[in-house]
Amino acid sequence: MARRSGSVLLSLLLCLAAAAWLLSESSAFVAPQRAAQVAEAPMTETPMHLDKGMQAAVLAAALTAPQAAYAGNGAYALLQLGWAIFIISLGPAVLFWIYFNKPELL
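Residues numbered from 1 in each chain as written. Predicted model: local features only at pLDDT ≥ 70, side-chain atom pairs only at ≥ 80, totals over all residues. Heavy atoms only, no water.

Participant: An account of the overall build of the protein chain is needed here, citing residue identities and associated values.
Facilitator: Helix and strand counts for the protein chain come out as 4 helices and 0 strands. In the protein chain, the succession of α and β elements from N to C terminus is α-α-α-α. Counting over 106 residues, the protein chain shows a buried share of 2%. Put simply, the protein chain shows about 10200 Å² of open surface, and 71% of that area lies on carbon and sulfur atoms. (Helix = DSSP H or I, 4+ residues; strand = E, 2+ residues; numbered from the N terminus. Buried < 20%, exposed > 50% of the residue type's maximum accessible area, 1.4 Å probe, protein only. Areas by Shrake-Rupley, 256 points an atom, 1.4 Å probe, with all protein chains shown as cover.)

Participant: Residue-level account of the packing of aromatic side chains, with values.
Facilitator: The tally for this structure, following the rule as stated, stands at 3 aromatic pairs. Ring centres 6.4 Å apart and planes at 10° place the aromatic pair Phe96 and Phe100 in the stacked group. Highlighted residues: Phe96 and Phe100, both in helix 4 (residues 74-101), separated by 4 residues, approximately one helical turn. Residue Phe96 shares its accessibility class with Phe100, and that shared class is exposed. Judged by centre distance (5.0 Å) and plane angle (85°), the ring pair of Tyr99 and Phe100 falls under edge-to-face. Chaining the aromatic ring pairs together yields one cluster made of Phe96, Tyr99 and Phe100. (Phe/Tyr/Trp six-rings, centres within 6.5 Å; stacked < 30°, edge-to-face > 60°.)

Participant: Tell me about a nonpolar patch on the surface, residues and numbers included.
Facilitator: Nonpolar side chains collect at one region of the surface, where Leu79, Trp83, Phe86, Ile87 and Leu90 lie side by side and expose about 520 Å² of accessible area between them. Here Leu79 is to be found in helix 4. Accessibility expressed as a relative area gives 48% for Leu79, which makes it partly exposed. (Patch = residues over 30% accessible without salt bridge, like charges linked within 9 Å, V, L, I, M, F, W, Y side chains within 5 Å. Salt bridge = Lys/Arg side-chain N within 4 Å of Asp/Glu carboxyl O.)

Taken by themselves, the reported measurements are silent on function.
This is the structure in structure tokens:
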């Protein structure tokens, strides 16, 4: 009798769709400016004078997200994902270690 492979095909299709979504151009990360664009930009703008409240808001926004400049780097996102997997997997790993090595603690 032939093996039914609907679930295998469905899971493969789901994995391919997830990979296509992750690799699509519509990313949540903002790409950094290129050095050539920065060098070509003329510095003709006059500096803005903000009141104290606006200066405090801008300073608070700048201090709350210091790592935002690195978000355009794909390796940074991969690093975040790796640490998330590592930290999430620590809980079950510790529980299994206690279960098999020190069951009296449970």
